[in-house]
Amino acid sequence: MTKRDLILQRIVGVLYVIAGIGKFFPEIESVEERLDGAADGNDGVAVLGPFTDRLAEHPTAVTVFVAAAMIVSGVFLILDRYLVVAALYGQLLMLVCLVVILVSSVPQILVLDAAFFAAAIYLLVRHRRTPSPSAAAPSRARTDNQS
């Protein structure tokens, strides 16, 4: 990965951490209101309706789960250590789920989440093209006196 890619990765990570922390402040984003809106917007939809109703019944649990997922995945991107690729895949899955759940009540979610989706795809492609440090390191040649 280039230095520019690493900067993008860390910026996305910081944004995820900030957004995750913001979930705990209703003044920034009320998860409870979003879930209520999603339940209303998905009312009558086969599987999604009952699922969003269930989520709306447990806003605190949903808030903690989503915030923790965002913060932890953001930290992995910032630190650029283990599980970066797994964090990116998890973010993609989370974005798709959030869009499916919220698009009926908050259509503007498509614009913001599309940017995060594009960044995650780009970073995944860059990680796939870049060999891991252990694979790039030359292996030591064995000599006859080594066992």
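Residues numbered from 1 in each chain as written. Predicted model: local features only at pLDDT ≥ 70, side-chain atom pairs only at ≥ 80, totals over all residues. Heavy atoms only, no water.

Novice: Report on unusual backbone geometry, specifying residues and quantitative values.
Specialist: Within the chain, aspartate 80 stands out as a residue other than glycine whose phi angle is a positive 55°. Even without being glycine, leucine 83 reaches a positive phi, approximately 70°. Residue placement: leucine 83 occurs in the loop between α4 (59-79) and α5 (84-102). On the accessibility criterion, leucine 83 (52% relative accessible area) is exposed. (Helix = DSSP H or I, 4+ residues; strand = E, 2+ residues; numbered from the N terminus. Buried < 20%, exposed > 50% of the residue type's maximum accessible area, 1.4 Å probe, protein only.)

Novice: Explain the UniProt feature "transmembrane region" (unreviewed entry) in the protein to me, using residue names and the numbers behind them.
Specialist: The sites that carry the UniProt feature "transmembrane region" (unreviewed entry) are, in the present numbering, residues 7-25, 60-79, 86-103 and 109-125. In residues 60-79, helix accounts for 100% and strand for 0%; the two terminal C-alpha atoms are 28 Å from one another. Taken end to end, residues 109-125 has its terminal C-alpha atoms 24 Å apart, with 100% of it in helix and 0% in strand. (UniProt positions renumbered as here; feature names shortened; annotations may be inferred.)

Novice: Break down the nonpolar core for me, citing the residues and quoting the values.
Specialist: Residues Val12, Tyr16, Leu35, Val62, Leu88 and Ile101 are the most contacted members of the largest nonpolar core, which totals 28 residues. Residue assignment for this core shows that the elements contributing at least two residues are α1 (3-22), α2 (31-41), α3 (48-57), α4, α5 and α6 (109-129). The element that contributes the greatest number of residues to this core is α5, accounting for 8 residues. Setting aside chain neighbours within four positions, we find valine 62 in contact with Val31, Leu35 and Leu55. (Core = buried A, V, L, I, M, F, W, Y, C linked by side-chain atoms within 4.5 Å. Contact = heavy atoms within 4.5 Å.)

Novice: Tell me about the pattern of salt bridges, and please be specific about residues and values.
Specialist: Applying the stated criterion to the full structure yields 4 salt bridges. Two residues, arginine 126 and aspartate 5, come together in a salt bridge whose shortest N-O distance is 2.6 Å. Placement of arginine 126 in helix α6 and of aspartate 5 in helix α1 is noted, with a sequence separation of 121 residues between them. The closest approach of N and O atoms between lysine 23 and glutamate 29, which form a salt bridge, is 2.5 Å. Residues lysine 23 and glutamate 29 agree in their burial class; the two are buried. (Salt bridge = Lys/Arg side-chain N within 4 Å of Asp/Glu carboxyl O.)

Novice: Please give an account of the side chain of glutamate 29 that cites residues and values.
Specialist: Here glutamate 29 lies in the loop between α1 and α2. Within polar-contact distance, the side chain of glutamate 29 engages the side chain of lysine 23 at 2.5 Å. What glutamate 29 contacts, discounting residues up to four positions off in sequence, is Gly22, Lys23 and Arg34. (Polar contact = N/O pair within 3.5 Å; in protein donor to acceptor, adjacent residues only side chain to side chain.)

Novice: Mind laying out the packing of aromatic side chains, listing which residues take part and the relevant values?
Specialist: Counting across every chain of the model gives 1 aromatic pair. Judged by centre distance (5.1 Å) and plane angle (70°), the ring pair of tyrosine 16 and phenylalanine 116 falls under edge-to-face. Here tyrosine 16, found in helix α1, pairs with phenylalanine 116, found in helix α6; they are 100 residues apart in sequence, far enough to count as distant. With respect to class, tyrosine 16 is no different from phenylalanine 116; both count as buried. (Phe/Tyr/Trp six-rings, centres within 6.5 Å; stacked < 30°, edge-to-face > 60°.)

Novice: Give me the lowdown on a negative patch on the surface, citing residues and values where you can.
Specialist: A surface patch of like charges, here negative, comprises Glu32, Glu33, Asp36, Asp40, Asp43 and Asp53. It is α2 that contributes the most residues to the negative patch, 4 residues altogether. Relative to the helices and strands, aspartate 36 resides in helix α2. (Patch = residues over 30% accessible without salt bridge, like charges linked within 9 Å, V, L, I, M, F, W, Y side chains within 5 Å. Areas by Shrake-Rupley, 256 points an atom, 1.4 Å probe, with all protein chains shown as cover. Lys, Arg positive; Asp, Glu negative; His and termini not counted. Charge placed at Lys NZ, Arg CZ, Asp CG, Glu CD.)

Novice: Now, about the side chain of threonine 63: what can you tell me, with residues and values included?
Specialist: Looking at where threonine 63 falls in the secondary structure, it is placed in helix α4. Given the relative accessible area of 12%, threonine 63 is considered buried. Non-local contacts of threonine 63, meaning those with residues more than four positions away in its chain, are made with Lys23, Phe24 and Val31.

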